[in-house]
Amino acid sequence: MFGTKDGEKNGTAIKSYIKDKNTIVVEKVTAFDDNETITLVFSNSYVPRNVKAPVVKMARNYLSLTDKVGSISTGQSYWTANDEWVFLGVTFSRFEQTDGDTPVSFKISGLPEIEDFDIIMMDNQAMSPSVGTEMFRVEVRDNVFSCELIHPESRWHELQYCGFIVYVPRKAETE
């Protein structure tokens, strides 16, 4: 959820669930009550209830970044895949633009071709006295991950201890 408080454009993660085929229920957050507009960005998956399937142990592939632009260091990060999707669990201990005009970007070595997607990455630092934390869009196009950190009046170019978890469909093989 994105909102503004005292001119700061921040966001937070909130709980949601599917109530029925026409309703998604979203947790009430009173911190943004004074906002005229609140934007909800659904960047998640919902697991259906009472669906049974075998649990299968899958190989974990540790992240190796290539074609890096910017200063990037990962923490405990890995990916795994099956025929239909790829799971990514990525944490960064450093994620820094080299200048204000060049987005951070990288590829993941050995990652299967995945569909293009956008995901929201949250900074781990709350913006006191404001509400929430800064949130950034990570764009993935042709397996290249890129993110522009925009906050020119302060620490616009660097995040620490941030990351994302995502399931992404694999690109279909074309014949």
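Residues numbered from 1 in each chain as written. Predicted model: local features only at pLDDT ≥ 70, side-chain atom pairs only at ≥ 80, totals over all residues. Heavy atoms only, no water.

Caption draft 1: Highlighting the packing of aromatic side chains. Tallied over the entire structure, the rule returns nine aromatic pairs. Ring centres of Tyr 78 and Phe 87 lie 6.1 Å apart, and the angle between their planes is 40°; this geometry places the pair in the tilted category. Relative to Phe 106, the ring of Phe 92 lies with its centre 5.8 Å away and its plane at 65°, an arrangement referred to as edge-to-face. Here Phe 92, found in strand E9 (residues 85-96), pairs with Phe 106, found in strand E10 (residues 104-108); they are 14 residues apart in sequence, far enough to count as distant. The rings of Phe 92, Phe 95, Phe 106, Phe 117, Phe 145 and Phe 164 are connected pair by pair, giving a single aromatic cluster. Over the face of the ring belonging to Tyr 78 we find Arg 60, whose NZ or CZ atom lies 4.8 Å from the ring centre. (Phe/Tyr/Trp six-rings, centres within 6.5 Å; stacked < 30°, edge-to-face > 60°. Helix = DSSP H or I, 4+ residues; strand = E, 2+ residues; numbered from the N terminus. Lys NZ or Arg CZ within 6 Å of the ring centre and 35° of its normal.)

Caption draft 2: Seen up close, a nonpolar patch on the surface. Judged by side-chain polarity, Ile 18, Ile 24, Ile 38, Leu 40 and Phe 42 come together as a nonpolar surface patch covering roughly 430 Å² of accessible area. Topologically, Ile 18 is positioned in strand E3 (residues 16-20). (Patch = residues over 30% accessible without salt bridge, like charges linked within 9 Å, V, L, I, M, F, W, Y side chains within 5 Å. Areas by Shrake-Rupley, 256 points an atom, 1.4 Å probe, with all protein chains shown as cover. Salt bridge = Lys/Arg side-chain N within 4 Å of Asp/Glu carboxyl O.)

Caption draft 3: The arrangement of the side chain of Thr 80 in detail. With respect to the secondary-structure elements, Thr 80 resides in strand E8 (residues 78-81). Note on Thr 80: relative accessible area 12%, which makes it buried. From its side chain, Thr 80 meets the backbone oxygen of Ala 59 in a polar contact 2.6 Å long. Apart from the residues lying within four places of it in its own chain, the contact partners of Thr 80 are Met 58, Ala 59, Asn 61, Trp 85, Val 86 and Phe 87. (Buried < 20%, exposed > 50% of the residue type's maximum accessible area, 1.4 Å probe, protein only. Polar contact = N/O pair within 3.5 Å; in protein donor to acceptor, adjacent residues only side chain to side chain. Contact = heavy atoms within 4.5 Å.)

Caption draft 4: Quick look at the pattern of salt bridges. Inspection of the entire model under this criterion finds five salt bridges. Put simply, Asp 118 and Arg 137 hold a salt bridge, and the shortest N to O gap is 3.5 Å. Of the two residues, Asp 118 sits in strand E11 (residues 117-126) while Arg 137 sits in strand E12 (residues 133-141), which places them 19 residues apart along the sequence. Among the salt bridges present, the one from Asp 118 reaches Arg 141, with a minimum N-O distance of 2.8 Å. Residue Asp 118 is found in strand E11, and its partner Arg 141 is found in strand E12; the two are separated by 23 residues along the sequence. Residue Arg 141 is classed as partly exposed on the basis of its relative accessible area of 37%. A network of salt bridges, in which partner residues are shared, links Asp 118, Arg 137 and Arg 141.

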